[in-house]
Amino acid sequence: FGTGEDGTYITANYPIAISDSLALTPQLGYSVGKGPQAFVVSVFDATPDQHYLDYSLTLAKTLDSGLTFSVALVGTNLKNEDEKLVIGVKKSFDL
């Protein structure tokens, strides 16, 4: 976490195929320890307990060209933090 303190982050997600090129992925993350706590204080100016949750729900569409477009609702149980809408584009290719 770049704070000099220890911490642990555990995450779980499960992609649900709606079609061959469309997926819905719920995700839940759990942070615990003084490292995540110090990171949140420095970045978000919030004061969490020594643990907090984050979550997201992402809808992604992959095209034959290797481009993937996504939209995600991302949030956390931190006080004074609203959910965010994140839009993404990525390109996959073979090396």
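Definitions and cut-offs
- Residues numbered from 1 in each chain as written.
- Predicted model: local features only at pLDDT ≥ 70, side-chain atom pairs only at ≥ 80, totals over all residues.
- Heavy atoms only, no water.
- Helix = DSSP H or I, 4+ residues; strand = E, 2+ residues; numbered from the N terminus.
- Buried < 20%, exposed > 50% of the residue type's maximum accessible area, 1.4 Å probe, protein only.
- Areas by Shrake-Rupley, 256 points an atom, 1.4 Å probe, with all protein chains shown as cover.
- Patch = residues over 30% accessible without salt bridge, like charges linked within 9 Å, V, L, I, M, F, W, Y side chains within 5 Å.
- Salt bridge = Lys/Arg side-chain N within 4 Å of Asp/Glu carboxyl O.
- Pairing = 2+ DSSP bridges.
- pLDDT = per-residue confidence, 0-100.
- Contact = heavy atoms within 4.5 Å.

Trainee: Kindly report on the overall build of the protein chain, identifying the contributing residues and their values.
Mentor: Within the protein chain, the secondary structure is distributed over one helix and six strands. Its helices and strands taken in sequence order, the protein chain reads β-β-β-α-β-β-β from the N to the C terminus. The buried share of the protein chain, taken over its 95 residues, is 21%. Just so you have it, the protein chain exposes about 6900 Å², and 58% of that area is on carbon and sulfur atoms.

Trainee: For a nonpolar patch on the surface, give the residues involved together with the corresponding values.
Mentor: Taken together, the side chains of Ile 18, Leu 57, Leu 59, Val 71, Leu 73, Leu 85 and Ile 87 define a hydrophobic patch exposed on the protein surface, amounting to about 640 Å² of accessible area. Those elements giving two or more residues to the nonpolar patch turn out to be β4 (51–62), β5 (67–76) and β6 (84–91). The topology assignment puts Leu 85 in strand β6.

Trainee: Any details on the pairing of β4? Residues and values, ideally.
Mentor: Sheet topology note: the strand β3 (residues 22–32)/β4 ladder contains eleven bridges and is antiparallel. Looking at the pairing, Leu 24 lines up with Leu 59 of β4. As judged from the nine bridges shared by β4 and β5, these two strands associate in the antiparallel manner. Residue pairing in the sheet places Ala 60 in a bridge with Ser 70 of β5.

Trainee: Tell me what's going on with the confidence of the model for the protein chain, and back it up with residues and numbers.
Mentor: Taken as a whole, the protein chain shows an average pLDDT of 86; of its residues, 84% reach a score of 70 or greater. Here helix α1 (residues 34–44) stands out as the least confident element of the protein chain, with mean pLDDT 69; strand β2 (residues 16–17) is the most confident, with 98.

Trainee: Could you give me a rundown of the environment of Leu 24, with the residues and numbers involved?
Mentor: As for its placement among the helices and strands, Leu 24 is situated in strand β3. By relative accessible area, which is 28% here, Leu 24 ends up partly exposed. C-alpha of Leu 24 to C-alpha of Ser 70: the two residues are 46 residues apart in sequence and 9.6 Å apart in space. When residues no more than four places from it in sequence are discounted, the contact partners of Leu 24 are Tyr 14, Pro 15, Ile 16, Ile 18, Leu 57, Thr 58 and Leu 59.

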